[in-house]
Amino acid sequence: MRLDGKSAIVTGSARGLGASIARDLAREGARVMLCDILEEQGQDVARSIGDAAIFRRLDVTKSGEWADSVAEAESAFGSVDVLVNNAALIEQVPFDEVTEELFRAIFEVNALGTFLGMKAVAPAMRRAGGGSIVNISSTAGIHSSGGLAYGGSKFAITGLTKTAAHMLGPEKIRINSVHPGWMRTPQTEVVPLDWVASLLPLRTIMDTAEVAKLVSFLASDDSSMITGSEYLIDAGALLMGARDIVDRMADHM
Ligand SMILES: NC(=O)c1ccc[n+]([C@@H]2O[C@H](COP(=O)([O-])OP(=O)(O)OC[C@H]3O[C@@H](n4cnc5c(N)ncnc54)[C@H](O)[C@@H]3O)[C@@H](O)[C@H]2O)c1
């Protein structure tokens, strides 16, 4: 298994994509610390994974909680080799409804949380002789497909990823971002996903397990020469932009 002997921390893993990532890392042989603010759900997911998994409450916006979580993972597993910054808040409201308060809340979890995670694990990864950090962004971090604060925070993750990858590369700490399109998770409960699927080039909504496999690859030594890269996985969603205009143009000619 490609992650035998590795230890990982996954944020926002009490449900949705984070839970799938934790499962896949464990399936590939890693020991995993699941972290979230949803304690009961997080404990349940960890229990369902089995002995390879433990749960710890972590609010990613709190640097003190990050320090304690990394210390606990290092003492439980012996090292921290992988971090997946997955926790996020979403917002999709019109421009005039994006208040300063909402903007700060979204950036605190999505961007500050990612920064604090990288800062917290870097010393442990140095002690382990290197590591892999995977930051979960979105198609909204490549293209203007999300809310203002959400999209801005997901673009920020791309910048944090590339800049930190440059800085930590000499210490064998690799950092990449993953940009999923629509998946069926609690975050997309209000989205008409069947209709979205009918428009996508691959005519399907991705399962979170598909994205998790990409994350496990980036976490593993199979991707040892990859750092500072953006991985788009979206069933072809971003192919739609100009194509959609061309397809509709016929009606106006
Ligand atoms: N669902 C999609 O279609 C989609 C598309 C593109 C990108 N994404 C990204 O995938 C990731 C996972 O999203 P999801 O759809 O599984 O969403 P989700 O809402 O189901 O899961 C997010 C998790 O983050 C946790 N979280 C929120 N604030 C936190 C905090 N302060 N500290 C710790 N944990 C916190 C939540 O409790 C939740 O368990 C996110 O980064 C999201 O932006 C999702």
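Above this text you will find the structure in question.
For the structure given in this document, a descriptive report is provided here.

Conventions adopted
Position numbers for residues start from 1 in each chain and track the written sequence from start to end. Two thresholds apply to this predicted model, a pLDDT of at least 70 for residue-level local features and 80 or more for giving and counting side-chain atom pairs, whereas whole-chain, interface and lining totals are computed over all residues. Only hydrogens and water are removed before side-chain values are computed, so all heavy atoms of the structure are retained for them. The way it works is that DSSP assigns letters per residue, a run of H or I at least four long becomes a helix, a run of E at least two long becomes a strand, and they are numbered from the N terminus. Here, two residues are considered to be in contact whenever any of their heavy atoms come within 4.5 Å of each other. By convention in these notes, a residue is near a molecule or strand provided one of its non-hydrogen atoms lies within 4 Å of it. Whenever two N or O atoms come within 3.5 Å, that pair is a polar contact, provided that in protein one can donate a hydrogen and the other can accept it, and provided that, for residues adjacent in sequence, both atoms are side-chain atoms. Ten residues, namely Ala, Val, Leu, Ile, Met, Phe, Trp, Tyr, Cys and Pro, are considered nonpolar, four, namely Asp, Glu, Lys and Arg, are considered charged, and the remaining ones, Gly among them, are considered polar. Any two of the Phe, Tyr and Trp rings considered here, Trp counted by its six-membered ring, make a pair once their centres fall within 6.5 Å; the pair's planes then place it as stacked at under 30 degrees, edge-to-face at over 60, or tilted in between. The buried label goes to any residue with under 20% of its type's maximum accessible area, the exposed label to any with over 50%, and the partly exposed label to all in between, with areas taken from a 1.4 Å probe on protein chains only. To estimate the expected span of a helix, subtract one from its residue number and multiply by 1.5 Å. When DSSP finds two or more bridges between a pair of strands, those strands are recorded as paired. A right-handed crossover is one whose linking path, passing over the helix from the first strand to the second, runs clockwise when the strands point away from the viewer. Patch membership is restricted to residues that have no salt bridge and whose relative accessible area is over 30%. Joining uses 9 Å for like charges and 5 Å for the nonpolar side chains Val, Leu, Ile, Met, Phe, Trp and Tyr. Each accessible area is a Shrake-Rupley result for a 1.4 Å probe, and residues are judged covered by the shown protein chains and nothing else. Salt bridge criterion: a side-chain nitrogen from Lys or Arg within 4 Å of a carboxyl oxygen from Asp or Glu. Working definition of a nonpolar core: buried Ala, Val, Leu, Ile, Met, Phe, Trp, Tyr and Cys residues. They are joined through side-chain atoms within 4.5 Å.

Considering the environment of Ala52
Assignment of secondary structure puts Ala52 in the loop between helix H2 (39–49) and strand S3 (53–57). For the pair formed by Ala52 and Ala156, sequence separation is 104 residues and the distance between their alpha carbons is 32 Å. When sequence neighbours within four positions are dropped, the list of residues in contact with Ala52 reads Ala26, Ala30, Arg31 and Val32.

As for the site of the ligand
Surveying the vicinity of the ligand reveals 27 residues, the closest of which are Arg15, Asp36, Asn86, Tyr150 and Thr185. The separation between a nitrogen atom of the ligand and a polar main-chain atom of Val60 is 3.0 Å. A distance of 2.8 Å is found between an oxygen atom of the ligand and a backbone nitrogen or oxygen belonging to Asn86. Residue assignment for the shell around the ligand shows that the elements contributing at least two residues are helix H1 (16–27) and helix H5 (148–168). Taken together, the residues of the shell around the ligand sort by class into 14 nonpolar, 9 polar and 4 charged.

Thoughts on the packing of aromatic side chains
Using the criterion set out here, one finds 1 aromatic pair in the structure. Summarising the aromatic geometry, the rings of Phe103 and Phe107 are spaced 4.4 Å apart at their centres and angled 20 degrees between planes, so their arrangement reads as stacked. Pair noted here: Phe103 and Phe107 are both in helix H4 (residues 100–127), with a separation of 4 residues, about one helical turn. With relative accessibility at 22%, the residue Phe107 sits in the partly exposed group.

Structural notes on helix H7 (residues 208–219)
In a regular helix each residue adds 1.5 Å, so 12 residues correspond to 16 Å; H7 covers 16 Å between its end C-alpha atoms and thus fits that length. Within the sequence span of H7, burial applies to Thr208, Val211, Ala212, Leu214, Val215, Ser216, Leu218 and Ala219. Looking at where H7 begins, the residue whose side-chain oxygen comes 2.9 Å from the main-chain nitrogen of Ala209 is Asp207.

Topic: the pairing of strand S6 (residues 173–180)
Of all 8 residues in S6, 8 are buried; the element is thus mostly enclosed. Side chains of S6 alternate between two faces, with Ile173, Ile175, Ser177 and His179 and Arg174, Asn176, Val178 and Pro180 buried alike. Relative to S6, strand S5 (residues 131–136) runs parallel, the two sharing 6 bridges. Bridge assignment links Val134 to a residue of S6, and that residue is Asn176. Once the chain exits S5 it traverses H5 before rejoining the sheet at S6, and the crossover so formed is right-handed. As paired elements, S6 and strand S7 (residues 230–233) share 4 bridges and run parallel to each other.

Examining a nonpolar patch on the surface
On the surface, a cluster of nonpolar side chains totalling about 450 Å² of accessible area is made up of Ile245, Val246, Met249 and Met253. Tracing the backbone shows Met249 in helix H8 (residues 240–249).

A word on the nonpolar core
Soluble, globular proteins show a tendency: their nonpolar side chains are buried together. Counting residues in each nonpolar core, the largest one holds 38 residues, and the members touching the most others are Ile21, Leu25, Val32, Leu34, Val84, Ile136 and Val178. If we ignore the near neighbours within four places in the chain, the residues touching Val178 are Val134, Asn135, Ile136, Ser137, Ser138, Val211, Leu214, Val215, Leu218, Tyr231 and Ile233.

The values are spatial; any link to function lies outside them.
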